[in-house]
Amino acid sequence: MHATLNGARGGGNVADTAMSDASSSEVVTGPDGPGRPAGTAREATRTAVWRLRSRGCWADAAALLAKAHGPSAALERTALLVERCLYTGRGWAEAEDGLRQAEALAGTDEERGAAACERGHLAYASTVLGVRDRADEARSALGRAAALLSPAAPGRALLDYRRGLISEHISDAPQAARAAYRRAHAGATTGEDRLLLSSTWRHLAGLALREGELAEARHGFTQSLRLREELGFLVGTAPALASLAQTEGEPEASRLLAEARRLFRLLGGVPTWLADQLAPTPEPL
């Protein structure tokens, strides 16, 4: 049960990449995103946004983008707010408002496709967290994104990944999910998007674990954890540790869970969906 819930939430993979326009004043939110903006001030903002996001301070990170203009900034801000919903179960109204703004500002097929991808992911989050069943909306929005984004578009790998989440956790179609994750993995490798790679490794490993392929699952979870630790993606590290613990024997499994529990407490109980899995083991009477 823990494996299913842990995987469905996506770990640290919502908004793993955001659209950026190198000619605009916006900044990218991840450490390895394409189109790095020039200028010390913009680079400083980009770094600050990443540091806040990686520590689960999504509202503060989004606030840094509030004064930036244009569709790229609106999309990045929306991605942060959607990620907050998935990790905390809060902030739905703010995410919807940000999404409507991003949709209104989108002027190209790529921008409209990116906005549709975020709408699909917000609907997915609402569904898997049990807030409201928006599965049909999630499928429709991601289908619209697929029609708008060309196969070579920067956001295509993220879209493939999110379609994999829908296939696995809403449609219960693991084979379709595996195919989508593999496409996303290939795209993330080509685009050198290490954060998205950490998520594709983790979800491919989750499918392997589901099928009893323990060695394959352990390898994938190990790669995912390594990437998140290298990137400093703190908020996504506890889920990665908890996933890897499922493939290890004692005492390593307990050590991994203890470290996940420490990070979970450090971040104030985020992600909230790890609470049951990381609850302290009661002492025997």
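Residue numbers restart at each chain and count upward from 1, following the sequence in its written direction. Given that this is a predicted model, residues contribute local features only at a pLDDT of at least 70 and side-chain atom pairs are listed and counted only at 80 or more, while totals for whole chains, interfaces and linings are drawn from all residues. Note: side-chain values were computed over all heavy atoms of the structure, leaving out hydrogens and water.

Caption draft 1: Representation of the packing of helix α8 (residues 156-169) against helix α10 (residues 194-210). α10 packs onto α8 with a crossing angle of 25° between their chain directions and a minimal axis gap of 11 Å. On the basis of the axis angle, α8 is roughly parallel to α10. Pair α8 / α10 crosses with left-handed handedness. Contact residues: α8 offers A157, L158, Y161, L165, E168 and H169, while α10 offers L196, S199, T200, H203, L207 and R210. Of the residues contributing to the contact of α8 with α10, the split by class is six nonpolar, four polar and two charged. The axes are straight lines fitted to the C-alpha atoms, using for helices just the contacting stretch, and the angles between their N-to-C directions are given from 0 to 180°. Runs of E in the DSSP output that reach at least two residues are strands. Runs of H or I that reach at least four are helices, and both are numbered from the N terminus. For classification purposes, angles smaller than 35 degrees are called roughly parallel, those larger than 145 roughly antiparallel, those between 65 and 115 roughly perpendicular, and all remaining angles oblique. Each helix crossing is assigned a hand: it is left-handed if the near helix lies turned anticlockwise from the far helix by less than a right angle, otherwise right-handed if that turn is clockwise. Residue contacts follow a heavy-atom distance rule, with two residues in contact if any of their heavy atoms lie within 4.5 Å. Ten residues, namely Ala, Val, Leu, Ile, Met, Phe, Trp, Tyr, Cys and Pro, are considered nonpolar, four, namely Asp, Glu, Lys and Arg, are considered charged, and the remaining ones, Gly among them, are considered polar.

Caption draft 2: A look at the environment of L86. With respect to the helices, strands and loops of the structure, L86 is situated in helix α4 (residues 71-88). The class for L86 is buried, based on a relative accessible area of 0%. Along the sequence, L86 and V128 sit 42 residues apart, while their C-alpha atoms lie 9.0 Å from each other. Each residue's exposure class comes from its accessible area (1.4 Å probe, protein chains only) as a fraction of the maximum for that residue type: buried when under 20%, exposed when over 50%, partly exposed otherwise.

Caption draft 3: Here's a closer look at the nonpolar core. By size, the foremost hydrophobic cluster in this structure holds 49 residues, and its most contacted members are L80, Y87, L122, L159, Y161, Y181 and V235. With seven residues, the single largest contributor to this core is helix α6 (residues 109-128). Residues belong to one nonpolar core when they are buried, are Ala, Val, Leu, Ile, Met, Phe, Trp, Tyr or Cys, and are joined through side-chain atoms within 4.5 Å. Core analysis: the next-biggest nonpolar cluster, separate from the first, contains 18 residues, A205, L256, L263 and L278 among them.

Caption draft 4: Examining the side chain of R261 more closely. As for its placement among the helices and strands, R261 is situated in helix α13 (residues 252-266). Put simply, R261 is tucked away with no salt bridge, and the nearest opposite charge, on E250, sits 9.6 Å away. Within the structure, R261 has its side chain in polar contact with the backbone oxygen of L278 (distance 2.7 Å). Working convention for charge: Lys and Arg count positive, Asp and Glu count negative, and His plus the chain ends are omitted. We define a salt bridge as a side-chain nitrogen of Lys or Arg found within 4 Å of a carboxyl oxygen belonging to Asp or Glu. We define a polar contact as two N or O atoms separated by no more than 3.5 Å, with the added condition that, inside protein, one atom must be a possible hydrogen donor and the other a possible acceptor, whereas residues neighbouring each other in sequence contribute only through side-chain atom pairs.

Caption draft 5: Inspection of helix α12 (residues 237-245) at higher detail. Buried residues dominate α12, accounting for nine of its nine residues. Taken together, the buried positions of α12 are occupied by T237, A238, P239, A240, L241, A242, S243, L244 and A245.

Caption draft 6: The pattern of salt bridges, seen in detail. Here the structure, examined in full by the defined rule, presents 20 salt bridges. When the shortest N-O distance is used, the salt bridge between R112 and D109 registers 2.9 Å. Note that R112 and D109 are positioned in helix α6 at a spacing of three residues, about one turn of the helix. On the basis of relative accessibility, which here comes to 36%, the residue R112 falls in the partly exposed class. Among the ionic pairs, E248 bridges to R218, the shortest N-O distance being 3.7 Å. In this pair, E248 is assigned in the loop between α12 and α13 and R218 in helix α11 (residues 214-231), connecting sequence segments 30 residues apart. A relative accessible area of 27% places R218 in the partly exposed class. Among the charged side chains, a network of salt bridges with common partners joins E96, E103, R119, R134 and E137.

Caption draft 7: Focus on unusual backbone geometry. Cis geometry is found at the peptide bond from E250 to P251, where omega equals 5°. A cis amide bond links V270 to the next residue, P271, at an omega of 0°. Of note, P271 is situated in the segment after α13. The backbone of D172 shows a phi angle near 50°, a positive value even though the residue is not glycine. Along the polypeptide, D172 turns up in the loop between α8 and α9 (174-190). In this structure, E192 is a non-glycine residue whose phi angle is positive, near 55°. You can see E192 is positioned in the loop between α9 and α10. A relative accessible area of 59% means that E192 is categorised as exposed.

Caption draft 8: Expanded view of α10. A helix's residues, less one, multiplied by 1.5 Å, set its expected span. The end-to-end C-alpha distance of α10 is 24 Å, a good match for the 24 Å that 17 residues give at a rise of 1.5 Å each. Burial runs high along α10: twelve of the 17 residues are buried. Taken together, the buried positions of α10 are occupied by L195, L196, L197, S198, S199, T200, R202, H203, L204, A205, L207 and A208. The positive-phi residue at the C-terminal boundary of α10 is G212, with phi of around 80°.

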